[in-house]
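Chains, contacts and geometry: an overview
If you want the building blocks of each chain, they are given just below.
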Amino acid sequence: MTHPTNALNPSGFGRTTRPDAWWLQPAVVLFGLSAFIVYSTWAAFQGVHYYYGPYVSPFYSPELLGESPHSWFGPKPSWWFSWLPWSPAFLILWAPGGFRLTCYYYRGAYYKAFWADPPACAVGEPRKRYLGEGSFPLILQNVHRYFLYVALAFLVFLTYDVWKALWFEDLVTGQVHFGVGVGTLVLATNVTLLGGYTLGCHSLRHLVGGRHDHLSERPVRRTAYSCVSCLNQRHMMFAWLSLFWVGFSDLYVRLCSMGVWTDWRIF
Amino acid sequence: MAQAIFRIWRGDSGGGEFRDYATEVTSGMVVLDVVRQIQAEQAHDLALRWNCKAGKCGSCSAEVNGMPKLMCMSRTSDLPLEKPVTVQPMKAFPLIKDLVTDVSWNYRVKKKIKPFRPRKPDEKDGTWRMAQSDVDRSMEFRKCIECFLCQDVCHVLREHRLLDEFIGPRFLVHIAALEMHPLDTENRLEDLRKEHGIGYCNITKCCTKVCPEDITITDNAIIPLKERVVDVSYDPIRRFLARYRRKASAVGLAS
Ligand code: SF4
Ligand code: SF4
Ligand code: FES
Ligand code: FES
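Residues numbered from 1 in each chain as written. Chains lettered and ligands numbered in written order. Predicted model: local features only at pLDDT ≥ 70, side-chain atom pairs only at ≥ 80, totals over all residues.

**Considering the overall build of chain B**
To keep it simple, the criterion reads: By the criteria applied, helices consist of DSSP H or I runs no shorter than four residues and strands consist of E runs no shorter than two, each listed in order from the N terminus. As a rule, residues whose C-beta atom has 12 or fewer other C-beta atoms within 10 Å are exposed, those with 20 or more are buried, and those in between are partly exposed; C-beta atoms are placed from the backbone. Placing a C-beta atom from the backbone of each residue, one calls two residues in contact when those atoms lie within 7 Å.
Per the secondary structure count, chain B includes ten helices and seven strands. Along the longest, intermediate and shortest principal axes, the C-alpha atoms of chain B span 80 × 40 × 25 Å. Of all 255 residues assigned to chain B, the portion counted as buried reaches 44%. Here the contacts in chain B between residues at least 6 apart in sequence split such that 62% fall between residues at least 24 apart.

This is the structure in structure tokens:
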């Protein structure tokens, strides 16, 4: 069946009668996400300056294999092909990367900003053909809940990193003391913001209670559902804050390790 | 009091044009007041649809400065009156005349949705018992006034014209109200994926942005439905668990 469109308002990229700066929001998203992708890719390829004292950059944690004292299973494997670039970040960054890539909030944001699908509400699009998320390749976005499971584990690892960031080694005596440095606060803020983001996930909301219609009979689920829903209402805010802060945490550890910044001990 | 130019679409399905009307705007006026004033003073044949003037009947839907809005809830004090204000009919639906469109496609879509099917009554007198907190969840969706502004702004319908493949946000909200209702026993998840085309929604949230009833359409209705569809159609572990539970309960029944 054909459905005629209103002749008064033919489609076409950017066509709209909106007089406001509708392009501003997608432009900010485009800039923000591009800046993060460029920085995180650069940082992941470095393979050095990702730890300093008890701190480890969240881009490199958990460090499964690597040269730092934070490594779980020893150094880089000897069989790693010499022509293949190596960085401990390559082994793990797919997980938070995939989690954000398939996040419902980011999906909506980057479809608009990167793919102009639509560029903004009630603004014409560049392409006629449209498949949506019901067919390949975007049907793969449905894998999001599996990335969530991994992201929840990462939250535990990053919380453990904050615990480790509370214990400083005296370089003279070799003794370990409890302490708090600015880096400890940076990493603690990072895990708090990532927690706000991850625990407000739509898939988690569904998992803990959203899939049930009789939550009144399940008090634990009901409480969990209310807590996740509460964070879920601020999901966009936490998505941006945690994105910025995880990048800043890497930068902080990197610059301390390079000797550019000094990590002040609070006590 | 201020002079303003209202640029209103005049025409029918055969064609038309924007015409400028200079008019007085006084404090407290909404766009519907201005358009009716223009109709009374300058354009007696201007067609528009309205009824309650209180944002409750959903009939004065149009596009004000390019955004789908209820004319009766659009304050002129929120508009930049130094520039012409455009008022045009909803783009997604066939035009009848001036600001009036034919929204009957929506009524045909609604008929395709499986209706409410409550479980057997809980009491002998034919009544049910439900917890208020369980019904609260779908209450938000019942605020819908069927203004179809969300259908108008949704790019799947507006730009890509997939009216045969996708039922649009209004009816995803309707299905969410039914699916999440504690008494309902119907299963619409297979229909949602196939006939209703929920996969076409790319969660860009324009529907949520324009809803005059502030229904959180994307986050509270569409995404939870998408997650339910993932459970039954895409998630291998959930599908396995569901099959296992079915088998276990069948064995339990048999023993
Ligand atoms: S969120 Fe989905 S239903 Fe709402 S306007 Fe966007 S594509 Fe349409
Ligand atoms: S969901 Fe909101 S925008 Fe859509 S028809 Fe209902 S009231 Fe209108
Ligand atoms: S929906 Fe954003 S993290 Fe899951
Ligand atoms: S006239 Fe009823 S909603 Fe505007």
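**Focus on the environment of Lys110(B)**
All names here are of chain B. By the element assignment, Lys110 lies in helix α2 (residues 104–111). Owing to 14 C-beta atoms within 10 Å, Lys110 belongs among the partly exposed residues under this scheme. Separated by 64 residues in sequence, Lys110 and His174 have C-alpha atoms that sit 8.7 Å apart. Excluding residues within four positions of it along the chain, Lys110 makes contact with Phe171 and His174.

**Structural notes on the nonpolar core**
Selection rule: Throughout this description, the term nonpolar core refers to a group of buried Ala, Val, Leu, Ile, Met, Phe, Trp, Tyr and Cys residues whose C-beta atoms join them within 7 Å. Domain limits in this description derive from either an automatic procedure or a database domain assignment.
If you look at the biggest cluster of nonpolar residues, it comprises 116 residues, and the most contacted ones within it are Met71(B) and Leu172(B). For this core, the element with the highest residue contribution is helix α8 (residues 235–257) of chain A, accounting for nine residues. Looking at this core, you find at least three residues from each of domain 1 (2–101) and domain 2 (104–240) of chain B.

**Topic: the environment of Met1(B)**
Residue and element names in this part refer to chain B. Counting through the fold element by element, Met1 comes out in the segment before β1 (2–12). Along the sequence, Met1 and Gln37 sit 36 residues apart, while their C-alpha atoms lie 14 Å from each other. Excluding its chain neighbours within four sequence positions, the residues that come into contact with Met1 are Glu24 and Thr26.

**Observations regarding the site of ligand 2**
All names here are of chain B. Put simply, the rule is: We count a residue as near a molecule or strand when its backbone-placed C-beta atom lies within 6 Å of that partner. Charged residues are taken to be Asp, Glu, Lys and Arg, nonpolar residues to be Ala, Val, Leu, Ile, Met, Phe, Trp, Tyr, Cys and Pro, and polar residues to be all remaining types, Gly included.
Neighbouring residues of ligand 2: 16 residues in total, closest Cys144, Cys147, Cys150, Arg170 and Cys211. Secondary-structure elements contributing two or more residues to the shell around ligand 2 are α4 (149–153) and α6 (169–179). With three residues, α6 is the largest single contributor of residues to the shell around ligand 2. Across the shell around ligand 2, the residue classes break down as 13 nonpolar, no polar and three charged.

**Topic: the site of ligand 1**
All names here are of chain B. Near ligand 1 there are 14 residues, and of these Cys154, Pro169, Cys201, Thr204 and Cys207 occur at the shortest range. At the level of elements, α5 (155–158), α8 (206–210) and α9 (217–233) are the ones that each hand at least two residues to the shell around ligand 1. Among the residues forming the shell around ligand 1, the class breakdown is nine nonpolar, four polar and one charged.

**So, the pairing of β1(B)**
All names here are of chain B. Put simply, the rule is: For two strands to pair, DSSP has to find at least two bridges joining them.
Pairing of β1 with strand β2 (residues 15–25) involves eleven bridges; the strand directions are antiparallel. Bridging from a neighbouring strand, Ile8 pairs with Arg19 of β2. Turn length for the β1-β2 hairpin, with the two strands adjacent in sequence and antiparallel, is two residues. The pairing of β1 with strand β5 (residues 85–88) spans three bridges and is classified as parallel. Residue pairing in the sheet places Ile8 in a bridge with Val87 of β5.

**Concerning the interface of chain B and chain A**
Taken together, the 48 residues of chain B in the interface contact 41 residues of chain A. Of all the elements in the fold, those that place two or more residues in the side of chain B that touches chain A are β1, β2, β4 (67–70), β5, α3 (132–139), α5, α8 and α9 of chain B. For the side of chain B that touches chain A, the class distribution of residues is 20 nonpolar, 15 polar and 13 charged.

**Digging into the domain arrangement of chain B**
Residue and element names in this part refer to chain B. Here the domain parsing of chain B yields domain 1 (2–101) and domain 2 (104–240). Using only C-alpha atoms to locate each centre, domain 1 and domain 2 end up separated by 31 Å. A per-element tally of the side of domain 1 that touches domain 2 places β4 first, with four residues. Looking at the side of domain 1 that touches domain 2, its residues break down into eight nonpolar, three polar and three charged.

**Focus: unusual backbone geometry**
At the junction of Asp117(A) and Pro118(A), the peptide bond is cis and its omega measures out at 5° in the coordinates. For Pro118(A), the location among the structural elements is in the loop between α3 (104–113) and α4 (144–164). Looking along the chain, the bond that leaves Phe136(A) and enters Pro137(A) is cis, with omega of 5°. Here Pro137(A) is to be found in the loop between α3 and α4. One non-glycine residue with positive phi stands out, namely Ile203(B), at about 50°. When you line up the elements, Ile203(B) lands in the loop between α7 (189–193) and α8. Although it is not a glycine, Asp214(B) adopts a positive phi angle of roughly 55°. Residue placement: Asp214(B) occurs in the loop between α8 and α9.

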